[in-house]
Amino acid sequence: MENSITRDHIPPKVLLAEPFPPNLLTVPACLDCNRGFQRDDDYTRIVLALDLRAQTNRSAAEKLPAIFRSLTRPEAMRFTDSLRSSVSPSSVVDANGRPLGSVFKPDVSRIEATGKHIARGLHFSFCGQALPLDYRLYVHSKPGYDSFDFFVPHFERFYAKCSAHREGRVGDVFSYVAASAGDAYAWLLLLYEYFWWAVIAVPPTFGLSQSG
């Protein structure tokens, strides 16, 4: 049976607060793909919105009551337990050797999957076609930005060689910079004004050494 085509929102609507921004991008996606994105996007929404650094962002702060309610539902118990298991005592201790708080270690692969999802959606929105499935995607993400991050110099060199550049913003939640050089593409994505992804997509025959 043919898979139904649905609308996919970029960035995902689960990351936004209502009313949704009028310039929210939409692209076509098969129903199975859209459902496949959803779990990782939900995980990203919860983990990033719960971070204290997100609380200066209106949309992230407005997400918290719904997030807390969802985590108390019986059907969410397994997910809630997995979040708890990701929390460990801080390695920073006081004079008596007691941990100063706790440290949460998120599943970075799931958060980076959301970055890839957004980058692929932006590519379709700008180019009118899907990014080929055999492209290699290099993604790096972290809270906050600094020029000493190991991925930043590679991204900056690639971006400088790009001939086409584009940037935009969706509401108060999400902004992006996009660039392309031939059949290679790059995106810098910022969510909740503190968390970013750098994504580079290249065809299978492309060597990263060509970008710098």
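Summary of the structure given here. None of these values were measured; they are calculated from a predicted model.

Digging into the side chain of E112
Positionally, E112 belongs in helix α4 (residues 108-127). Notably, E112 is buried but unbridged: the nearest opposite-charge side chain belongs to K116, and the N-O separation is 6.2 Å. At 3.3 Å, the side chain of E112 forms a polar contact with the side chain of S141.

A closer look at the pattern of salt bridges
The tally for this structure, following the rule as stated, stands at seven salt bridges. Across the pair R45 and D42 runs a salt bridge whose closest N-O atoms are separated by 4.0 Å. Within this pair, R45 and its partner D42 are both found in helix α1 (residues 31-50), separated by three residues, close to a single helical turn. Judged by relative accessible area, which is 12%, R45 ranks as buried.

A few points about the sheet that holds strand β7 (residues 174-181)
Ordered by their spatial adjacency, five strands build an open sheet running β5-β9-β8-β7-β6, and the pairing between neighbours is antiparallel. The open sheet terminates on both sides in strands that have one partner only, identified here as β5 (136-143) and β6 (164-170). Adjacent strand axes in the sheet meet at a mean angle of 10 degrees, parallel and antiparallel pairs treated alike. Pairing geometry for strand β8 (residues 184-191) and strand β9 (residues 195-202), over seven bridges, is antiparallel. When the sheet's bridge partners are listed, W187 is paired in β9 with V199. Sitting on the sheet, α4 touches β5, β6, β7, β8 and β9, and the angle it makes with β8 is about 120 degrees.

Some remarks on the packing of α1 against helix α2 (residues 58-71)
Helix-helix packing: each pair is described by the crossing angle between the helix axes and the interaxial distance. Running from N to C, α1 and α2 point in directions that differ by 120 degrees, and their axes come no closer than 9 Å. Where α1 crosses over α2, the two elements pack in a sense that is left-handed. Residues R45, I46, A49 and L50 of α1 lie in contact with α2, whose contacting residues are A60, K63, L64, I67, F68 and L71. Its residues assigned to classes, the contact of α1 with α2 shows eight nonpolar, no polar and two charged.

Reading the values: the criteria
Residues numbered from 1 in each chain as written. Predicted model: local features only at pLDDT ≥ 70, side-chain atom pairs only at ≥ 80, totals over all residues. Heavy atoms only, no water. Helix = DSSP H or I, 4+ residues; strand = E, 2+ residues; numbered from the N terminus. Buried < 20%, exposed > 50% of the residue type's maximum accessible area, 1.4 Å probe, protein only. Lys, Arg positive; Asp, Glu negative; His and termini not counted. Salt bridge = Lys/Arg side-chain N within 4 Å of Asp/Glu carboxyl O. Polar contact = N/O pair within 3.5 Å; in protein donor to acceptor, adjacent residues only side chain to side chain. Pairing = 2+ DSSP bridges. Axes fitted to C-alpha atoms, helices over the stretch in contact; angles between N-to-C directions. Contact = heavy atoms within 4.5 Å. Left-handed = near helix turned anticlockwise from the far one by under 90°. Nonpolar A, V, L, I, M, F, W, Y, C, P; charged D, E, K, R; others polar.

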